[in-house]
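The residues making up each chain are set out below.
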Amino acid sequence: MTRAKRWFFILIALIAGLFAAYVAFVLVFLEFVVDVWWFHALDYGVYFWMRLLYRFVVLIAATLFFSFVFFSNFWIGARYLGKTGPPGDMQGKKKFKKIYGDLVGMFRSGSKKVYTPLSLILGVIVAIPFFDQWHQGLLWLLGPDSGQKDPVFGSDISYYLFSYPVYIFLQK
């Protein structure tokens, strides 16, 4: 290939790369940059960043909570595994007792390598709906009382505004 052709292909690749970068900027970042400027011009920059990042904070908190719940269940289950001994038909046989004891010991010590990532994966799966409905979760946690009582049940109507939608969401 001649030197001129090589430079021509490099120039074409450079132009295509710049065009792709321009399109990516316009499609992805332009709205974000305009929103940042607009919120900062109105002195609502903190609100913009809180609204943008709260969903991730809720996702991380829910993931850690549910991962801890799964991990503690797996850990407690592994601790109680083998407490009763081998099954009844193997009680008198020393060979089976040793194999059973080795198997239980291996499961207790080596299972953390399995149920730690499994807990994290299950925690993320359970926390994804909280990522989608983060605003309802924050209103449920931080929603104030309205000061008005429901005439039928006598409870504060903020229950119907903040808690009830979350309970309906959890039932689905």
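Above this note sits the structure.
Residues numbered from 1 in each chain as written. Predicted model: local features only at pLDDT ≥ 70, side-chain atom pairs only at ≥ 80, totals over all residues. Heavy atoms only, no water.

Visitor: Tell me about the packing of helix H1 (residues 3-41) against helix H2 (residues 45-80), residues and numbers included.
Guide: Put simply, H1 and H2 touch, their axes get as near as 7 Å, and they point 140° apart. By the angle between their directions, the pair H1 and H2 is classed as oblique. Together, Phe32, Asp35, Val36, Phe39 and His40 of H1 and Gly45, Tyr47, Phe48, Trp49 and Leu52 of H2 make up the contact between the two elements. Taken together, the residues of the contact of H1 with H2 break down into 7 nonpolar, 2 polar and 1 charged. (Axes fitted to C-alpha atoms, helices over the stretch in contact; angles between N-to-C directions. Helix = DSSP H or I, 4+ residues; strand = E, 2+ residues; numbered from the N terminus. Parallel < 35°, antiparallel > 145°, perpendicular 65-115°, else oblique. Contact = heavy atoms within 4.5 Å. Nonpolar A, V, L, I, M, F, W, Y, C, P; charged D, E, K, R; others polar.)

Visitor: Lay out the packing of aromatic side chains in plain terms, naming residues and giving numbers.
Guide: The tally for this structure, following the rule as stated, stands at 19 aromatic pairs. On the numbers, 6.4 Å between centres and 35° between planes, the contact of Phe25 with Phe29 is tilted. Placement of both Phe25 and Phe29 in helix H1 is noted, with a separation of 4 residues, approximately one turn of the helix. Under the relative-accessibility criterion, Phe25 is labelled partly exposed at 38%. Taking 5.0 Å as the distance between ring centres and 80° as the angle between the ring planes, the aromatic pair formed by Trp38 and Phe39 counts as edge-to-face. Following the ring pairs from residue to residue traces out a cluster consisting of Phe32, Trp38, Phe39, Tyr47, Phe48 and Trp49. In this structure, Arg55 packs its charged tip against the face of Phe131, placed 5.7 Å from the ring centre. (Phe/Tyr/Trp six-rings, centres within 6.5 Å; stacked < 30°, edge-to-face > 60°. Buried < 20%, exposed > 50% of the residue type's maximum accessible area, 1.4 Å probe, protein only. Lys NZ or Arg CZ within 6 Å of the ring centre and 35° of its normal.)

Visitor: If you had to explain unusual backbone geometry to someone new, which residues and values would you point to?
Guide: Of note in this structure, Asp43 is not a glycine but carries a positive phi near 60°. For Asp43, the position within the fold is in the loop between H1 and H2. Accessibility expressed as a relative area gives 70% for Asp43, which makes it exposed.

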